[in-house]
Amino acid sequence: MISLMQSFRIRGGVHPDPKKTATTDLSIASDFPLPKKLYIPLQQHVGKPAEPVVRVGDYVYKGQLLAHSQGMISAPVHAPSSGVVTDIADYPAPHPSALPIRTVFMETDGKDAWQLLQTHTDPFALSAEEISLRVGAAGVVGMGGATFPAAVKLNLGRKNKISTLLINGGECEPYLTCDDRLMQESADGIIDGIRIMLHGMETPQAIVGIEDNKPAAFRAMKNAAADYRQIEVRQVPTHYPMGWDRQLIRYLTGKEVPADGRATDVGVLMHNVATAYAIHKAIRHNRPLVDRVVTIAGGAAGSPGNIWVPIGTLISELLDYCRVNRTRMARLVMGGPMMGDALPIAELPVVKATSGILALTQDEITRGSEQACIRCARCISACPAGLLPVDMANRIRSNQLESAVDIGLKDCISCGSCSYVCPSNIPLVHYFKYAAGELAARQQAQHKTEQTKKLIDERNKRIERIEKQKAEEAARELAAKVAKYTADQAEQVI
Amino acid sequence: MLNVKPTTGPHTTENLSIGGIMRQVIYALIPATLFGLYLFGWPAINLFLITIFSALFFEYFCLKLADKPALPALKDSSALLTAWLLAMSLPPWAPWWVGVIGAGLAIILGKQVYGGLGQNLFNPAMLARVALLISFPLELTTWANVAPWLSESAPDFKTGLHITFMGLDNIDSSTGATVLGYVKTELSQKHPLSASLADIYNSNNAWLGFMRGSLSETSAILLILGGGWLLFKKIITWHIPLSIIISVALISAVFHALNPEIYLSPSVHLSSGALMCAAFFIATDYVTSPNTPLGQLIFGSACGLLIFTIRTWGGYPEGAAFAILLMNALTPLIDHYVKPRIYGRDRQGRPLEL
């Protein structure tokens, strides 16, 4: 039951074909053969990359620390299986650019042997600080794709006296069912993770929002939460981008986060269901984040499904496992089809943020050439942030980037709703991303110029100062000489 | 400057193209058009075809001149739709050159000089309609009598060709005024509405469409049906049509209540002239109407007020084309001032306060 008041809270958005039926009824497969080699990037989170603590040739157990976090916002990285570290070097990242990042190469020994785990602990006997310390040490990051270190968020929540923890079970991207399956199969674990988070943030209540196209997940979660009055499980309408934290916050609480603020400013904080599950495993079982559920789907996948995959597994191995027809695959996408990235090659590792791997056929991505804008305003009504995509694109096209910022470029969340509905096939999101990148580059260049100018100024001042000192010294010496000479003369006279 | 190779999402799009949208509008126009062609016979068919083929020719000619590929642009059906709307707005028995000149004005002056599809400020069909009305007032105000297909008064194929290409020989016997035109003349001679209206207006015939006028003026009901289709297919939203209809109905109701002998009732206003066609098919033109729902409500209400004003006090009996053109000119202004509120900000763009 969705009240009329609440439906007014949804703005913009689109209803893409969900395409979830291929995988929503399949149990998560855990028989994926352990890869011989793993490629574990040291940056799988926002913030600073992790610093390796192992050396080439070291034998590591599953779950053993490979690299520790650095700085305020960072997360450690652990060994996804047991084996030998064969190299620590640059390797392409799972990103459209495939730019290399520092990566630990591992050869697995097939034993998949865990490091000695600490004995079972009662999370509710731990202090709130201890909870976030342990979550941080387990390398848990936001699994919905944002990859913000979970411990940092817990600390933020505790400091800001959060009134409600929101749990995102929306999964509004087409094709993806990893969260759906996780909720169906591990609802108890997720609810336990939510309880641990509530304890860790000293927050009184949690609301779980699940899109109404996942009735099985909703039932499972509702049952699992039945004994806990502080956790409410609610259905939300199927609507893209319901997974956008601010859309879900407004829908579930009626609150709107100010443009320059954070969710904590309105007393809420959001975590994804998979993050809650990872926290449950980290605290209850002392298991660091070394694997995740990945949806493999798309028209080119012969046997699509959801699989528990060790971090560092090459996507190419997943494609083979799911019998992806490479000749039919026109585009390889990591994430969902709305916000995911196209990957140039398949030899890239699965990371903590990999929710899905989509092998899309030409039919699934067909897009005509860009045509003239007919001002149909579909992009405007689709924008959940209340922007004017077409105006921003026009300004960017005529290189007026600042004026695009004036009308809200920085409020764009790149959800892709505008591009999705455009009948003229204008790649609006590309314009916005281009502009954002260009502005950042300009700002950097400006910063550099200012720095250089400052340095030159300082150098000039230094030179001036030294010369002034020299001149003063010379003058002093001269004065001394004159004085001496006059004294000598005087002496002679006398 | 920009690499548009799709590396980031969305990797999927709604299955909708410009041509698809234009064709939906044309489908929605078909019932009213067929009815009009049935009502006015061969001369109307001739004029209709002449206007459409001329428009397609001018579109092709302009694109060739600009060295642009002509076929894809012709395929998007936008020129077809413009010509269709223009033809529907002309007197059905107008001579052939009205269609040719009108199509030329619409495509060249109304669209291509601005840079083609999406660039024009004014609705091309209405621009051409008004330009024709001002240039050729006689031809543009000569309205054929209703002569349904197979009825005795219906011109046969040969007579049709004669009317289209050689003109009407005996004008008075086969033409007359439209409701709005007749009423305007009568009122100018101080005849009360109750007397003059009874001669020419029959509510049922007006709503069904058995009356003099252009193809787009005849059947209000079929036009509403087509408009409903466009709403159902989400090609248009309710904002513009409803605000036009409601504003005309409201203001005419007020004036009619004040003095029913001078001011027409809402029912006459809504069922005659180009009102329904304008509300659903012309004012809703994406290119020349505002972008936001609120802007569209302002645009529609103002259109309605202008239509009523021009009809009641203006020099012309019918005001839809003028009203829409005037509001087209104000569309950029409306879009400048009426913008959606950005999430997390107030209407002025400042971040919300806690």
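Heads up: the structure comes first, above all this text.
Conventions we followed
- Residues numbered from 1 in each chain as written.
- Chains lettered and ligands numbered in written order.
- Predicted model: local features only at pLDDT ≥ 70, side-chain atom pairs only at ≥ 80, totals over all residues.
- Heavy atoms only, no water.
- Helix = DSSP H or I, 4+ residues; strand = E, 2+ residues; numbered from the N terminus.
- Rg over C-alpha atoms; globule rule 2.2 N^0.38 Å.
- Buried < 20%, exposed > 50% of the residue type's maximum accessible area, 1.4 Å probe, protein only.
- Lys, Arg positive; Asp, Glu negative; His and termini not counted.
- Charge placed at Lys NZ, Arg CZ, Asp CG, Glu CD.
- Pairing = 2+ DSSP bridges.
- Axes fitted to C-alpha atoms, helices over the stretch in contact; angles between N-to-C directions.
- Contact = heavy atoms within 4.5 Å.
- Phe/Tyr/Trp six-rings, centres within 6.5 Å; stacked < 30°, edge-to-face > 60°.
- Core = buried A, V, L, I, M, F, W, Y, C linked by side-chain atoms within 4.5 Å.
- Patch = residues over 30% accessible without salt bridge, like charges linked within 9 Å, V, L, I, M, F, W, Y side chains within 5 Å.
- Areas by Shrake-Rupley, 256 points an atom, 1.4 Å probe, with all protein chains shown as cover.
- Salt bridge = Lys/Arg side-chain N within 4 Å of Asp/Glu carboxyl O.
- Buried area = accessible area lost by both parts, 1.4 Å probe.
- Polar contact = N/O pair within 3.5 Å; in protein donor to acceptor, adjacent residues only side chain to side chain.
- Left-handed = near helix turned anticlockwise from the far one by under 90°.
- Nonpolar A, V, L, I, M, F, W, Y, C, P; charged D, E, K, R; others polar.
- Parallel < 35°, antiparallel > 145°, perpendicular 65-115°, else oblique.

(A) View of the overall build of chain B. Of the regular secondary structure elements, chain B holds 17 helices and 2 strands. For 354 residues, the compact-globule estimate of 2.2 N^0.38 gives 20 Å, and the C-alpha radius of gyration of chain B, at 21 Å, lies within 12% of that figure. Along the first, second and third principal axes, the C-alpha set of chain B runs to 70 × 50 × 35 Å. Taken over 354 residues, chain B has a buried fraction of 54%.

(B) Main features of the overall build of chain A. Each helix and strand in chain A was counted, giving 16 helices and 16 strands. Each principal axis of the C-alpha distribution contributes one length, and for chain A these read about 120 × 65 × 50 Å. Taken across its 494 residues, chain A has 54% of its residues classed as buried. The averaged location of the 52 negative side-chain charges in chain A is 2 Å from the averaged location of its 56 positive side-chain charges.

(C) Quick peek at the sheet that holds strand β9 (residues 205-211) of chain A. All names here are of chain A. Spatially, 4 strands are ordered β10-β9-β8-β11 in an open sheet, and the strand pairing comes out parallel. Every other strand in the sheet has two partners, leaving β10 (231-236) and β11 (268-272) as the edge strands with one partner each. The average angle at which neighbouring strand axes cross in this sheet is 25 degrees, direction not considered. Here strand β8 (residues 164-169) runs beside β11; their pairing, made up of 5 bridges, is parallel. Within β11, the residue paired with I167 across the bridge is H271. Against the sheet, helix α7 (residues 215-225) makes contact with β9 and β10, and its axis sits at roughly 165 degrees relative to β10, the strand it touches most.

(D) Region of the structure containing the packing of aromatic side chains. Inspection of every chain in the model, using the stated rule, returns 23 aromatic pairs over all chains. The interplanar angle of 90 degrees and the centroid separation of 5.6 Å between the aromatic rings of Y91 of chain A and F105 of chain A together place this pair among those described as edge-to-face. Of this pair, Y91 of chain A sits in strand β6 (residues 83-92) while F105 of chain A sits in strand β7 (residues 100-108), and the two are 14 residues apart along the sequence. The same class applies to Y91 of chain A as to F105 of chain A, namely buried. Pairing W244 of chain A with Y343 of chain B gives two aromatic rings, centres 5.1 Å apart and planes at 55 degrees, and the pair type is tilted. Of the two residues, W244 of chain A is situated in the loop between β10 and α8 (245-253) and Y343 of chain B in the segment after α17 (320-337); the pairing between them involves two chains. On the basis of relative accessibility, which here comes to 4%, the residue Y343 of chain B falls in the buried class.

(E) Summary view of the sheet that holds strand β13 (residues 305-310) of chain A. All names here are of chain A. One open sheet accounts for 5 strands, arranged β13-β12-β16-β14-β15; its pairing is mixed. Either end of the sheet is taken by a strand with one partner, and the two such strands are β13 and β15 (341-342). Relative to β15, strand β14 (residues 329-334) is paired through 2 bridges, and the arrangement is antiparallel. What sits directly across from M334, in β15, is D341. Helix α5 (residues 178-185) rests against β12 (291-297) and β13 of the sheet, and its axis sits at about 125 degrees to β12.

(F) Inspection of the nonpolar core at higher detail. With 84 residues, the main nonpolar core has I374 of chain A together with L85, M276 and F281 of chain B as its most contacted residues. When residues of this core are assigned to their parent elements, the largest contribution, 19 residues, is made by helix α1 (residues 18-65) of chain B. Setting aside residues up to four positions removed in sequence, F281 of chain B forms contacts with V25, A28, L29, L85, L223, G226, G227 and L230 of chain B. Counting 50 residues, the second largest nonpolar core, distinct from the first, contains V266, C383, A385 and C418 of chain A.

(G) Molecular detail of a nonpolar patch on the surface. A contiguous nonpolar patch, built from Y38, W149, L150, L208, F210 and I221 of chain B and spanning about 600 Å² of accessible area, is present on the exposed surface. Within the fold, I221 of chain B resides in helix α12 (residues 220-232).

(H) Expanded view of the pattern of salt bridges. Scanning all chains against the criterion turns up 21 salt bridges over all chains. With a shortest N-O distance of 3.9 Å, E51 of chain A and R102 of chain A are connected by a salt bridge. On the criterion of sequence distance, the pair formed by E51 of chain A in strand β2 (residues 51-52) and R102 of chain A in strand β7 is long-range, its members being 51 residues apart. Look at E51 of chain A and you get partly exposed, because its relative accessible area is 30%. Residue R102 of chain A is classed as partly exposed on the basis of its relative accessible area of 40%. As a salt-bridge pair, D411 of chain A and R345 of chain B come within 2.9 Å of each other at their nearest N and O atoms. A residue pair is termed interchain when its members come from two chains, as with D411 of chain A in the loop between α14 (401-406) and α15 (417-421) and R345 of chain B in the segment after α17. In terms of burial, D411 of chain A and R345 of chain B fall into one category: buried.

(I) Geometry of the interface of chain A and chain B. Contact with chain A, which involves 59 residues of that partner, is made by 40 residues of chain B. Taking both partners together, chain A and chain B bury about 4,300 Å²; carbon and sulfur atoms supply 58% of that area. If you sort the residues of chain A by the area they bury against chain B, I374, R375 and H430 of chain A come out on top, with a joint share of 17%. Here chain A is connected to chain B by 3 salt bridges. Two residues, D335 of chain B and R375 of chain A, come together in a salt bridge whose shortest N-O distance is 3.1 Å. Linking chain A with chain B are 17 residue pairs in polar contact (both at pLDDT 80 or more).

(J) Layout of the side chain of S419 of chain A. Note on placement: S419 of chain A falls in helix α15. Overall, S419 of chain A belongs to the buried group, its relative accessible area being 0%. Of the polar contacts made by the side chain of S419 of chain A, one reaches the backbone nitrogen of L428 of chain A; its length is 3.3 Å. Reaching out from S419 of chain A, the side chain makes a polar contact with the backbone nitrogen of V429 of chain A at a distance of 3.1 Å. Excluding residues within four positions of it along the chain, S419 of chain A makes contact with R367, I426, P427, L428 and V429 of chain A together with P10 and T13 of chain B.

(K) Representation of the packing of α1 of chain B against helix α4 (residues 96-109) of chain B. Residues and elements named next belong to chain B. Between α1 and α4, whose axes approach to 8 Å, the crossing angle comes to 35 degrees. α4 is crossed by α1, and the crossing has right-handed handedness. Contact with α1, carried on its side by L47, I50, T51, S54, A55, F58, E59 and C62, involves W96, G99, V100, A103, G104, I107 and I108 of α4 and no other residues of that element. Along the lines of polarity and charge, the residues of the contact of α1 with α4 split into 10 nonpolar, 4 polar and 1 charged.

(L) Region of the structure containing helix α9 (residues 179-188) of chain B. All names here are of chain B. Turning to α9, its buried residues number three or more, namely V179, L180, G181, V183, K184 and E186. Buried residues along α9 sit against α10 (193-200), α14 (266-271) and α16 (293-313). In the stretch just after α9, K190 is the one whose phi turns positive, near 65 degrees.

(M) Layout of the packing of helix α4 (residues 150-159) of chain A against helix α6 (residues 187-201) of chain A. Residues and elements named next belong to chain A. Where α4 contacts α6, the two axes come as close as 8 Å, and the packing angle between them is 50 degrees. In terms of orientation, α4 lies oblique with respect to α6. Listed contacts from α6 to K153, L154, G157 and R158 of α4 are M197, G200 and M201. Class assignment of the residues belonging to the contact of α4 with α6 gives a composition of 3 nonpolar, 2 polar and 2 charged.

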